[in-house]
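One letter stands for each residue in the lines below.
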Amino acid sequence: MEIKIFNSAAEASNFAALELLRQIEGKLDSNLGVATGRTMDAIYHKFISHAREKTLDMNKVSAFAVDEYIGLADESANSYKAYLDLHLFNQLNFDSGKVYIPNVGLQNIDQACLDYEASIKNAGGIDFQLLGIGINGHIGLNEPGSSIDSRTRVVALTSSTRNSNKMVFSNENVPLTAITIGIGTILEASRCVMVATGLSKSDIVQKVVNGDINSKVPATAIKQHPNAILILDKESAKLI
Ligand code: GLP
């Protein structure tokens, strides 16, 4: 796994945004795996401004959300769908028919997970997987203990994740469960770009970088990917 450390979060985010830009410029019908969370805000913001400047055509791109909460109110502003619409999809000319979010509304939730895996497969697999890291080491919502070959499934959220995500929630409690793509699903992407910025990530980044691959820190799984990069700022890299 390549590691790049930048002086500031802004520079790290810009580098990740440029990686995404290059991916799409090189393959207009790229299949993207898209993450959510505060780390992604700046990346999408930079990406959108580069994409607009270059009048990049997003119409042939397919995008797969990494995860979605189960049990939020219909049209909830706290959903990852709402996040991605606001920060990414509605900002550029994405084709809504090529935007995929796990169907948490389906009564047969296990079927929804199988369907999601099938849509990724039918599209030809993920070319470019963007990831953040939770403070407990989760990727997507693969919480500690998730196996390296896990697939899209229903997961129970840890209190660490619920507390951390509570800060960006309004008018609703953070759900107890979600659908996430699996670590095995993530590892099948052609390229993995994982980003962590800020002091709050320094502990977990130290464990990811210096520790062995282990299911207690799911983000360590990315170390076995043949084409992965970890993008950090000085603060998140402080304890390495
Ligand atoms: C959420 C998302 C993850 C993300 C993580 C980090 O739980 N489901 O995909 O990596 O948060 O979030 P933040 O960037 O806000 O620290």
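Residues numbered from 1 in each chain as written. Predicted model: local features only at pLDDT ≥ 70, side-chain atom pairs only at ≥ 80, totals over all residues. Heavy atoms only, no water.

J.: Would you explain the overall build of the protein chain in this entry?
T.: Check the secondary structure of the protein chain and you find seven helices and 10 strands. Its C-alpha atoms give the protein chain a radius of gyration of 16 Å, near enough to 18 Å, the size a compact globule of 240 residues would have. Out of the 240 residues in the protein chain, the part that is buried amounts to 52%. Considering only residue pairs separated by 6 or more positions, the protein chain has 80% of its internal contacts joining residues 24 or more positions apart. For the protein chain, the exposed surface amounts to about 10800 Å²; the carbon and sulfur share of it is 49%. (Helix = DSSP H or I, 4+ residues; strand = E, 2+ residues; numbered from the N terminus. Rg over C-alpha atoms; globule rule 2.2 N^0.38 Å. Buried < 20%, exposed > 50% of the residue type's maximum accessible area, 1.4 Å probe, protein only. Contact = heavy atoms within 4.5 Å. Areas by Shrake-Rupley, 256 points an atom, 1.4 Å probe, with all protein chains shown as cover.)

J.: Just checking my understanding: could you explain the pattern of salt bridges for this structure?
T.: Side chains that differ in charge, positive against negative, can pair when their charged atoms come close. Taken as a whole and judged by the stated rule, the model has nine salt bridges. Of the charged contacts, one joins D29 and K27 as a salt bridge, the two residues approaching to 3.8 Å between their closest N and O atoms. By relative accessible area, which is 41% here, D29 ends up partly exposed. Here K27 falls in the partly exposed class, since its relative accessible area comes to 31%. Among the ionic pairs, E188 bridges to R151, the shortest N-O distance being 2.9 Å. (Salt bridge = Lys/Arg side-chain N within 4 Å of Asp/Glu carboxyl O.)

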